[in-house]
Every structure is written in structure tokens, then in C-alpha cells.
Amino acid sequence: MAEQIGSASNPLRVAIFGSGPAGFYAVGELLRQKDITVTVDLFDRLPTPYGLVRGGVAPDHQKIKAVIRQYEKIANRPGFRFFGNVTFGEDLLLADVLAHYHQVLFSTGAESDRQLGIPGEGLTGSDPATIFVGWYNGHPDYRDLKYDLSNVERVAVIGNGNVAMDVARILARSIEELSKTDIADYALEALKKSAVREIYLLGRRGPAQAVFTNPEIRELSDMPITDLVVEPKDLELDELNQEFLDNVTEPVHQRNMEILNAQIPKGEGTRQRKIRARFFVSPVEIYGTGRVEGMKLEKNRLMKDDAGTPRARGTGEYEELPNIQMVFRSIGYKGHPLKDVPFDDRSGIIPNDTGRVIDPENKVPVERLYVAGWIKRGPSGVVGTNKPDAVETVGLMFEDLQKGQVPNNIQTDEEAVPALLAQKGVRYVSFDDWKFLDQIEVETGKKIGKPREKMTTVEEMLATLDTRDAGERQAAS
Ligand code: NAP
């Protein structure tokens, strides 16, 4: 009979899929324990760790990216291993994972986008913001897209969340500003040729309900080459809006209103580019012959839903937004299903009860499977929100271990999974491998005044490691 699970000779073996913030916070919590020994293998389908901190957080927000230092400390703890370039459901199946780990946690985030469901959404020039974000951040999935901004003068960004803010800001920044960030090299080149003059930010509800946060809207209000232009009538508060502001508990909404109101005296401003924040409008059609040429918007008014939340309702009154060459739909992310794991397509998450995966048929927990982050709760909150979220899930994992809901008959040889991957021909990337790539990126960036110059293809990353390995072998022979 094997030793008790969690003892030094029989550690609790956990596999985590998805190495973004939720994955790393879960590792941190698992490896923080004093009275229970845990080992964690953290997998990612990319060779690089950190998920949206690398591929989503805007390149001009380096302070947010500094959270990586915390994750590096976590990765140094005994019991941690990283396996990059390993895809769940292809390189490792659920059955493989359950045979080698006591518990499995998915923190795969929300990699798809939501659809508007309006005519013209699929025209050339109309893209989900998620794709544009991945492109300028050098995400291997999107690095081959071509954005020719040299003929684009007017862009519309649909949505009033922080991703919409990021997209608008990247389009509004000067090349001097962008060239000091870790934006992908090809994106910097495309933005150098940008002819963008006007960026429309389209919110379906009012400025009081906007979900962008104060620093993000404040940043747009103070940019070297771009003015934030608001329409004073959008900021007038009717009874419903005043009541909303009086009753919201978080001051973020009042502060947003103050920041936007402070723009009114500046009018059109004098800078060469304009971000035009429009509220109470919903796109009902994107039109053009083959590619985007303009949009039709419906004016909205607010009405309370059954819970008393103000929602946008169309008025039947329309307006044209002509001469638009590019549209970014920034209306939220959505999770991807994983092979053999329950998935709720409507909400885009893995069905769960505060972190325990739930079988949608019989509504009972699926033993040994857990979730954390956006695939658990949907795409909400900031990077740090994932810490309490992951801690909550890890608490349940320990609770289930104590309740004896973990089988003590798994394959505990820690070389078994690397051997399985090698047998399948998967070139996995260890944390040391990643640190080697990281160092090259930082050194290359330093030479041109950037925090890092990202490698943007998996091929380049693996070839760089192969060259290093070949050199080491030669030196040893
Ligand atoms: P989000 O915050 O949920 O915002 C989605 C926006 O899309 C909302 O304005 C929403 O309007 C709008 N929308 C949804 N469906 C729509 C439709 N059919 N037509 C028109 N508009 C529609 O999503 P996100 O911007 O993708 O951000 C995801 C999360 O990441 C958020 O928690 C965000 O704060 C976070 N994030 C943070 C940062 C940062 O800290 N700097 C940066 C990026 C992202 P309603 O409000 O009316 O639903």
C-alpha cells in the first residue's frame, strides 16, 4: 500500500493546463503548503508561459507585466515543472493525465471571442479585438495576419471594456511611444505606416455604465498625439442615470464620469488624431462591398431589467457612420471547449461549482477535475482577481484530498509523463528552456531600446533551443 498522498514519499501530484495568471496562482497556493507535499506539472500549449500577461496585456502596460516576477519566484519552488508546447487533448489526453496525476486543474482562459450577430460582421476589415491584440502582442496564432493600416483613416472599436481601451490606445499612440514597448516588430512596422486619424469608441450603454476603469480612460484623455473627444449631450444625466450613479457601490463609475466631463471644455482639441467616445449606440450593420466601408448604428435608451440593472434598448432611430475602414469588435472573450471535459457553450466556461468541475448531466462534481480563472468564472476582473479565484479552487482540492476522494493508485513515476511526451514526438519546453528564450528576447530588445523583442513563431523558439542543444552536445563531445 502506497504512503498517504501528500507525504514526502508520495506527494500529491497535480497537473495544471494553462500557464496564465490563474495557473500560476494555483501553483503558488499548491506549493505554499507546509504540512502537505505537492508536486505540480504546469502545461501550456505555447512554448512560452504567462498566458494573457504575455499575449494580452498591452505592450505599453509594462507595469502590469511586472507581475511575471512573482510567477518566476513561484516557478523556483521545489516541486514545480513547466511543460510548454504541449496541447491538452492532442499531446496528452484526459485519460493519460488521470493515469499520472491525482488531480487536474484547467486554467485555459477564454481564447475565443463573442459574436455580435449582425450583418457584415464577417467582412474583411472587421475583426475581433482579441485577434488584433494577439497580433500586436506577437502571439504565434496571430503573427501571420496582415494589418495594412496605410489606407485606414477611420476605425471603430465596439465595446466599452478595457480591451476596447487597449485597442484604441495602441492605435492612438505615436511611434516614439510604441517603439519603447515590447510590441511585436511587424506590428510596429505596420503602425509606422498608419493613416489612422479617427477612432470611434462605441458604447451601447451610457458613460455611467461603462466598464472601463479609471486609469484606462484617464490614459486616453492625456495622450501626446491624440485627443479624447466626447459629446456633451451623452454626459447629461437623466433620472435613471443619476439613480444608477447614486446607487453604485464602486466609485469607479463616478470617477469615469468626472474624467469624461473634464474633456468637455477641451472640445475637439488640437492634436492630430481623435478618439471619439460615443455612447448609447449599438451597431446593427457593418456594410461594404467585400470589405468594411461603414456602419449603421441604432440609438439606444436605457431601461432597467428585472434585476434593476440599466440595459440598452434600441429606439428604432438609426444613424450612419460612413467612411469606416476597420472595425474591432471588443465585446468580450469566450472559452474554448477541451476534449473530454464538460463545457457550457452558452456561457463559454467549464461548468463548475466554485472550482469543482460539474457534470452537466447529473450536476454532480467530476472527481479530480478543477478549474480556475476565466474558464471557471468567465472573462472578468484584472490579473490579480485570479489569485483569490485560484486559492478558492486549491482549497477545494485539499478538501477533496482530505475526504479521501483521490485514488492512491496512479502512476507516480515523475519521469513517466516526459517519457510519454517524448514517445509521442512532442518537443516540450522546460522552464529552463523558457528562461533561455526569455534572456535572448530581453537582450535583443535592449539593443533597440525595447523591454524585449519577442520571438513570435513556435518554429523560431524551438529552433533556437535546438541550436543551443546542438552546441552543448558538440562542446561535450
Ligand atoms: P468587458 O469588460 O466585459 O467589456 C465588454 C464590453 O462589450 C462592454 O462594454 C459591453 O457592454 C460590450 N458589449 C457586450 N456585448 C455587446 C453587444 N452585443 N453590442 C455592443 N456592445 C457589447 O470585456 P473586455 O474588455 O474584453 O475585458 C475582459 C476583462 O479583462 C475585463 O474584466 C477587463 O477589465 C479586463 N482587462 C483589464 C485590463 C487592464 O486592467 N488594463 C486590460 C484589458 C482587459 P455592456 O456593459 O453594456 O454589457
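Before any of the text, the structure's been laid out above.
Criteria and thresholds
Residues numbered from 1 in each chain as written. Predicted model: local features only at pLDDT ≥ 70, side-chain atom pairs only at ≥ 80, totals over all residues. Heavy atoms only, no water. Axes fitted to C-alpha atoms, helices over the stretch in contact; angles between N-to-C directions. Helix = DSSP H or I, 4+ residues; strand = E, 2+ residues; numbered from the N terminus. Parallel < 35°, antiparallel > 145°, perpendicular 65-115°, else oblique. Left-handed = near helix turned anticlockwise from the far one by under 90°. Contact = heavy atoms within 4.5 Å. Nonpolar A, V, L, I, M, F, W, Y, C, P; charged D, E, K, R; others polar. Phe/Tyr/Trp six-rings, centres within 6.5 Å; stacked < 30°, edge-to-face > 60°. Buried < 20%, exposed > 50% of the residue type's maximum accessible area, 1.4 Å probe, protein only. Lys NZ or Arg CZ within 6 Å of the ring centre and 35° of its normal. Polar contact = N/O pair within 3.5 Å; in protein donor to acceptor, adjacent residues only side chain to side chain. Core = buried A, V, L, I, M, F, W, Y, C linked by side-chain atoms within 4.5 Å. Domains from an automatic or database assignment. Pairing = 2+ DSSP bridges.

### Quick notes on the packing of helix H6 (residues 129–136) against helix H7 (residues 162–172)
Here comes step 1: Here H6 crosses H7 at 50 degrees, and the two axes come no closer than 10 Å. When the axis of H6 is compared with that of H7, the two are oblique. Once H6 is placed against H7, the crossing between them reads as left-handed. Every residue of H7 that contacts H6 at Ala129, Phe132, Val133 and Tyr136 is listed here: Val163, Asp166, Val167, Ile170 and Leu171.
Here comes step 2: For the contact of H6 with H7, the per-class residue count stands at eight nonpolar, no polar and one charged.

### Some details on the packing of aromatic side chains
Here comes step 1: Under the criterion given, the structure shown has 23 aromatic pairs.
Here comes step 2: Ring centres of Phe80 and Phe431 lie 5.8 Å apart, and the angle between their planes is 85 degrees; this geometry places the pair in the edge-to-face category. One end of the pair, Phe80, is in strand E3 (residues 80–83); the other, Phe431, is in helix H16 (residues 431–447), with 351 residues separating them in the sequence.
Here comes step 3: By relative accessible area, Phe80 is classed as buried at 11%.
Here comes step 4: Residue Phe431 is classed as buried on the basis of its relative accessible area, which comes to 12%.
Here comes step 5: By the ring-pair criterion, three or more aromatic residues cluster together here, those being Phe24, Tyr25, Tyr50, Tyr71, Phe80, Phe82, Phe431 and Trp434.
Here comes step 6: Above the plane of the ring of Tyr318 lies Lys296, whose end atom (NZ or CZ) is 4.7 Å from the centre.

### Re the side chain of Lys334
Here comes step 1: Tracing the backbone through its elements, the reader meets Lys334 in strand E15 (residues 333–334).
Here comes step 2: A distance of 3.1 Å separates the side chain of Lys334 from the backbone oxygen of Asp345, its partner in a polar contact.
Here comes step 3: In contact with Lys334, not counting residues within four places along its chain, are Ala110, Glu111, Ser112, Asp113, Arg114, Asp345, Arg346 and Gly348.

### Description of the nonpolar core
Here comes step 1: Residues Trp135, Tyr136, Val167 and Phe328 are the most contacted members of the largest nonpolar core, which totals 56 residues.
Here comes step 2: A per-element tally of this core places H7 first, with seven residues.
Here comes step 3: There are two domains that each give this core at least three residues, and those are domain 1 (12–111 + 334–429) and domain 2 (115–331).
Here comes step 4: Core analysis: the next-biggest nonpolar cluster, separate from the first, contains 44 residues, Tyr25, Leu31, Val67 and Val429 among them.

### A word on the sheet that holds strand E1 (residues 12–17)
Here comes step 1: Across the sheet, which stays open at both edges, the seven strands sit in the order E3-E2-E1-E4-E18-E17-E16 with mixed pairing between neighbours. Strands at the two margins of the open sheet, each flanked by one partner only, are E3 and strand E16 (352–353).
Here comes step 2: In this structure, strand E4 (residues 103–106) lies alongside strand E18 (residues 365–371), joined through three bridges in parallel fashion. Counterpart to Val104 in the pairing with E18 is Leu369.

Purely geometric stuff here, so don't read any function into it on its own.
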